[in-house]
Amino acid sequence: MSSNQTPALTGAMLQLEDSITDSPRYRGQMRQFEEYANSLESSIQGLSKASKALHQASLDYSTRWSSIISQVSYMAQLSPIKDAKLTQQLSSLGEMLTEIERGRTLH
């Protein structure tokens, strides 16, 4: 072969790396990876949506607990008899509920 023919032959030959990356097996693996990536993306979006819903439910739960605590505190002050024992018990209940909610929000 002359030196003039070598570049032309080299350009026409398929490189070993190109034949591996263009094989049916490689294409199948790429298809599987694309399907996996699409499934993963869909799962992540579902997880994000569920997390946002859970966060909102947690906020609603806290709001309802705050409402219960307020009602218990209001009941403690409501009695016209001013029974010290009842007032103390309702106040203690309000404090316990407040601590429960505070502990729940910390975790």
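See the structure above.
Residues numbered from 1 in each chain as written. Predicted model: local features only at pLDDT ≥ 70, side-chain atom pairs only at ≥ 80, totals over all residues. Heavy atoms only, no water.

Novice: Explain the nonpolar core here, please?
Specialist: One broad trend across soluble globular proteins is that nonpolar side chains are buried collectively. Trp 65, Ile 69, Val 72, Ala 76, Leu 90 and Leu 97 form the largest nonpolar core, which has 6 residues in total. If you list the elements that add at least two residues to this core, you get helix 3 (24-78) and helix 4 (84-106). Sorting elements by how many residues they give to this core places helix 3 first, with 4 residues. Each residue touching Ile 69, except ones within four places of it in the same chain, is listed here: Gly 94, Leu 97, Thr 98 and Glu 101. (Core = buried A, V, L, I, M, F, W, Y, C linked by side-chain atoms within 4.5 Å. Buried < 20%, exposed > 50% of the residue type's maximum accessible area, 1.4 Å probe, protein only. Helix = DSSP H or I, 4+ residues; strand = E, 2+ residues; numbered from the N terminus. Contact = heavy atoms within 4.5 Å.)

Novice: So what exactly am I meant to see when it comes to a nonpolar patch on the surface here?
Specialist: The grouping of Phe 33, Tyr 36, Leu 40 and Ile 44 at the surface amounts to a nonpolar patch, some 430 Å² of accessible area in total. Position of Phe 33 among the secondary structure elements: in helix 3. You can call Phe 33 exposed: its relative accessible area is 51%. (Patch = residues over 30% accessible without salt bridge, like charges linked within 9 Å, V, L, I, M, F, W, Y side chains within 5 Å. Areas by Shrake-Rupley, 256 points an atom, 1.4 Å probe, with all protein chains shown as cover. Salt bridge = Lys/Arg side-chain N within 4 Å of Asp/Glu carboxyl O.)

Novice: Help me understand the packing of aromatic side chains in this model?
Specialist: The geometry of an aromatic ring pair comes down to the distance between the two centres and the angle between the two planes. According to the stated counting rule, one finds 2 aromatic pairs in the structure shown. On the basis of an interplanar angle of 45° and a centroid distance of 6.4 Å, the ring pair of Phe 33 and Tyr 36 is categorised as tilted. Separated by 3 residues within a single helix, Phe 33 and Tyr 36 lie in helix 3, roughly one turn from each other. (Phe/Tyr/Trp six-rings, centres within 6.5 Å; stacked < 30°, edge-to-face > 60°.)

Novice: Where do I start with the environment of Val 72 in this structure?
Specialist: Structurally, Val 72 can be placed in helix 3. The exposure class of Val 72 is buried, given its relative accessible area of 9%. Taking the C-alpha atoms as reference points, Val 72 and Leu 97, separated by 25 residues in sequence, lie 9.2 Å from one another. Excluding its chain neighbours within four sequence positions, the residues that come into contact with Val 72 are Leu 90, Leu 93, Gly 94 and Leu 97.

Novice: Just checking my understanding: could you explain the packing of helix 3 against helix 4 for this structure?
Specialist: Geometry of a packed helix pair, given as the angle between the helix axes and the separation of the axes. Contact geometry of helix 3 with helix 4 gives a least axis separation of 8 Å together with a crossing angle of 165°. Regarding the angle of helix 3 to helix 4, the classification is roughly antiparallel. Where helix 3 crosses over helix 4, the handedness of that crossing is left-handed. Here helix 3 contributes Ser 58, Tyr 61, Ser 62, Trp 65, Ile 68, Ile 69, Val 72, Met 75 and Ala 76 to the contact with helix 4, which in turn contributes Thr 87, Leu 90, Ser 91, Leu 93, Gly 94, Leu 97, Thr 98, Glu 101, Arg 104 and Thr 105. When grouped by side-chain class, the residues that make up the contact of helix 3 with helix 4 number 10 nonpolar, 7 polar and 2 charged. (Axes fitted to C-alpha atoms, helices over the stretch in contact; angles between N-to-C directions. Parallel < 35°, antiparallel > 145°, perpendicular 65-115°, else oblique. Left-handed = near helix turned anticlockwise from the far one by under 90°. Nonpolar A, V, L, I, M, F, W, Y, C, P; charged D, E, K, R; others polar.)

Geometric values such as these leave the question of function open.
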